[in-house]
Amino acid sequence: MDQGEHRRLLGLAAPEFCPHLLGARVSSFIDGQLVVIELTEVEAYAGAADPGSHAYRGKTARNAALFGPPGTAYVYFTYGMHHCANVVCGEDGTASAVLLRAGKIITGEATVRARRGNNTGPAHLLLSGPARLAQGLGLSLEHNGKQYMHGTARGPGPSLGLESLATSAPEHSTGPRTGVSGPGGTEAYPYRYWLPGEPSVSRYRRAAPRVRPSPGV
DNA sequence: ATGTTGATCTTCT
DNA sequence: GAAGATCAACATC
């Protein structure tokens, strides 16, 4: 695909962009290690009008990268321990973005296992879930706001890459978003997209508010 | 196989 | 002060 077509697809709003991202390749060159993955599951976050989006309550220091140009990485920290990664798409300033939920490893399995705590489990589980995927790619807040270059990530400095977007959307399935509570988590937002039959696709869990243990006496 | 819980802390209300 | 675009360990069936 040429650069112009790549840019055109990135300019689509998240729900339209998602199918083109399935089967596409994301790569990171971080700490001298190249990791290339193929996406199998993504979720759309449609900007300020989407109650499930971090952009719903307007621009803040945390979500500023969401409002950047298409091709920007939005990486955030949550639950006190996890990072999750998005690709910003749509028109500049619309805060449309796609959460990278799962993928399979093309290059760099040893690096991914090392980053995932020398995990020795089956390879298809290594990137199964947004926090696992971000960890496998080595992403953290340092990379928030960086651009995904068109092509494979490469040195000398840290870089991110995005390539092989599908020109026509592959066969895929859709459903409600995982982990999103409130109106944004209902069937009205079938913004989760995945490749059927891929073992790396994360198991669906409906968002359930957690009951905190009462504070100790 | 499915359900529950602890970990751990930033962000916004 | 409460919830969060989660994960892994543990309990129970």
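Residues numbered from 1 in each chain as written. Chains lettered and ligands numbered in written order. Predicted model: local features only at pLDDT ≥ 70, side-chain atom pairs only at ≥ 80, totals over all residues. Heavy atoms only, no water.

Attention now goes to the nonpolar core. Core analysis: the largest hydrophobic core is formed by 38 residues, its most contacted members being Phe 17, Leu 21, Val 42, Leu 100 and Tyr 148. By residue number, the principal contributor to this core is strand E2 (residues 33-46), which donates 5 residues. Look past the residues within four positions of Tyr 148 in its chain and what remains in contact with it is Val 26, Gly 71, Thr 72, Ala 73, Ala 85, Asn 86, Val 87, Leu 100, Leu 160, Gly 161 and Leu 162. Among the nonpolar cores identified, the runner-up in size contains 13 residues, and Phe 67, Val 88, Ala 95 and Val 180 belong to it. (Core = buried A, V, L, I, M, F, W, Y, C linked by side-chain atoms within 4.5 Å. Buried < 20%, exposed > 50% of the residue type's maximum accessible area, 1.4 Å probe, protein only. Helix = DSSP H or I, 4+ residues; strand = E, 2+ residues; numbered from the N terminus. Contact = heavy atoms within 4.5 Å.)

Another aspect to go through is the pairing of E2. Counting buried positions over the 14 residues of E2 gives 11, a clear majority of the element. In terms of strand pairing, strand E1 (residues 25-30) meets E2 through 6 bridges, oriented antiparallel. Bridge pairing in E2 places Ser 27 opposite Val 36. The antiparallel hairpin formed by E1 and E2 contains 2 residues in its connecting segment, where Asp 31 sits at a positive phi of about 55 degrees. As judged from the 10 bridges shared by E2 and strand E5 (residues 96-107), these two strands associate in the antiparallel manner. Each residue of the ladder has a partner; that of Glu 43, found in E5, is Leu 99. Bridge count for E2 against strand E9 (residues 192-194) is 3 bridges, and the pairing is antiparallel. Directly across from Glu 43, in E9, lies its bridge partner Arg 192. (Pairing = 2+ DSSP bridges.)

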